[in-house]
Every structure is written in structure tokens, then in C-alpha cells.
Amino acid sequence: MEIQDYQDTTIDDLNHPVAQSILKARARANRYAEKHREEIRVYSLKWYYDHHEEQKDRGRKWAHDNKDRIAAAKRKRWAENPEYYRQKQREYRARKKKEREADAT
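This is a predicted model, so every value here is computed, not measured. Note on numbering: residues in each chain are counted from 1, in written sequence order. Per-residue local features of the predicted model are confined to residues with pLDDT of at least 70, and side-chain atom pairs are confined, for both listing and counting, to 80 or more; whole-chain, interface and lining totals are unaffected and use all residues. Hydrogens and water molecules were not included; the side-chain quantities draw on all heavy atoms of the structure.

**Q** An account of the overall build of the chain is needed here, citing residue identities and associated values.
**A** By the criteria applied, helices consist of DSSP H or I runs no shorter than four residues and strands consist of E runs no shorter than two, each listed in order from the N terminus. Counting its secondary structure elements, the chain contains five helices and zero strands. Ordered by position from the N terminus, the helices and strands of the chain form the series α-α-α-α-α.

**Q** Before we move on, can you summarise a positive patch on the surface with the specific residues and values?
**A** A residue counts toward a patch only above 30% relative accessible area and without a salt bridge, and it is joined to like-charged neighbours within 9 Å or, for Val, Leu, Ile, Met, Phe, Trp and Tyr, to nonpolar neighbours within 5 Å. The Shrake-Rupley method, run with a 1.4 Å probe sphere, supplies the accessible areas, and residue values consider only the shown protein chains as cover. Whenever a carboxyl oxygen of Asp or Glu lies within 4 Å of a side-chain nitrogen of Lys or Arg, that contact is scored as a salt bridge. Here Asp and Glu are counted as negative and Lys and Arg as positive; His is not counted, and neither are the chain ends. One atom stands in for each charge, and that atom is NZ of Lys, CZ of Arg, CG of Asp or CD of Glu. On the surface, Lys 24, Arg 28, Arg 31 and Lys 35 cluster together into a patch of positive charge. Inspection of the secondary structure assignment puts Arg 28 in helix α2 (residues 20–35). We call a residue buried when its accessible area falls under 20% of the maximum for its residue type, exposed when it is over 50%, and partly exposed in between, using a 1.4 Å probe and counting protein chains only. The class for Arg 28 is exposed, based on a relative accessible area of 52%.

**Q** Describe the packing of helix α3 (residues 37–65) against helix α4 (residues 67–80), listing the residues and the values that go with them.
**A** Relative to each other, α3 and α4 sit at 75°, their axes nearing to 4 Å. Regarding the angle of α3 to α4, the classification is roughly perpendicular. When α3 is examined against α4, the residues Trp 62, Ala 63, His 64 and Asp 65 are found in contact with a partner set consisting of Lys 67, Arg 69 and Ile 70. Classes in brief: Ala, Val, Leu, Ile, Met, Phe, Trp, Tyr, Cys and Pro nonpolar; Asp, Glu, Lys and Arg charged; the others, Gly included, polar. Grouping the amino acids of the contact of α3 with α4 by side-chain chemistry returns three nonpolar, one polar and three charged. Think of each axis as a best-fit line through the C-alpha atoms, taken over the contacting stretch in the case of a helix, with angles from 0 to 180 degrees between the N-to-C directions. Angular relationships are summarised with four words: roughly parallel below 35 degrees, roughly antiparallel beyond 145, roughly perpendicular across 65 to 115, and oblique for the angles in between. It only takes one pair of heavy atoms within 4.5 Å for two residues to be counted as in contact.

**Q** Hey, could you go over the side chain of Asn 66 for me, with residue numbers and the actual values?
**A** Summarising the element assignment, Asn 66 is placed in the loop between α3 and α4. There is a polar contact of 2.8 Å between the side chain of Asn 66 and the backbone oxygen of Trp 62. Two N or O atoms count as a polar contact when they lie within 3.5 Å, although within protein this holds only if one can serve as hydrogen donor and the other as acceptor, and sequence-adjacent residues are included solely when both atoms are side-chain atoms.

**Q** Requested: an account of a nonpolar patch on the surface, with residues and values cited.
**A** Among the surface-exposed residues, Leu 45, Trp 47, Tyr 48 and Tyr 49 lie close enough to one another that they form a single nonpolar patch of about 440 Å² accessible area. Following the sequence through the fold, Tyr 48 ends up in helix α3.

**Q** Before we move on, could you go through the packing of α4 against helix α5 (residues 82–104) and cite the residues and values that matter?
**A** For the pair α4 and α5, interaxial distance at closest approach is 4 Å and the crossing angle is 110°. Of the possible angle classes, the one that applies to α4 and α5 is roughly perpendicular. Here Arg 77, Trp 78, Ala 79 and Glu 80 of α4 lie close against α5, whose contacting residues are Pro 82, Tyr 84 and Tyr 85. The class makeup of the residues in the contact of α4 with α5 is five nonpolar, no polar and two charged.

**Q** Let's hear about the pattern of salt bridges: which residues, and what values?
**A** Counted by the stated rule, this structure contains 11 salt bridges. Between Arg 41 and Glu 38 there is a salt bridge; the shortest N-O distance is 2.8 Å. Highlighted residues: Arg 41 and Glu 38, both in helix α3, separated by three residues, approximately one helical turn. Ionic pairing is found between Lys 88 and Glu 91, a salt bridge with its closest N-O pair at 3.7 Å.

This is the structure we're talking about:
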């Protein structure tokens, strides 16, 4: 092939060819989003409230399945900042002290 065969194409056409139908669909979706922002916002909020408990359960399941990963992240924070652990201990002790005082009264 000669260089002239490639002169009418751009680099993007060679790397990421996108079908015209996809480009038209994207343009249509963008036009719709511009005109109906409030409707889209209301629908997404409705979805959030309808699925909130399900999403919380999914997050709890992830945390349960990834306890080691979460613990490793905490150890990393403590290793990077020794004061982090001390601060957390201070907060814990202060909270417990308040709870004991509240129970005593």
C-alpha cells in the first residue's frame, strides 16, 4: 500500500473506528439530556430511593467479603501516619467517657 491510500483518513479513524449509528445515538442522547435535565434528575433520585436498601446490602456484603483489604488499608494509613492510631484512640476514649457519664446520670 502506498502513502496516498492513507492520506484521507485520520489517526482516530484507524485507532477507534465508531459506527455512524452509534455517533447518531450519542448525539440524540445528549440532545435529550440537555432538554430534560430535571426529568432525568427526578428519575435517578427515584431509582436511588427505590434501591437504597439493596445498595446498602451490596456494600455490606462487599465489606464482609473484603475484610482483609479494608484492614490492610487501615494498617497502611497507620504506617504512613503514626499519629492516626493515637487520634483514633483519643476519639474512642472520649466517646466511651461520654457514654459512661450519660449512663451515670
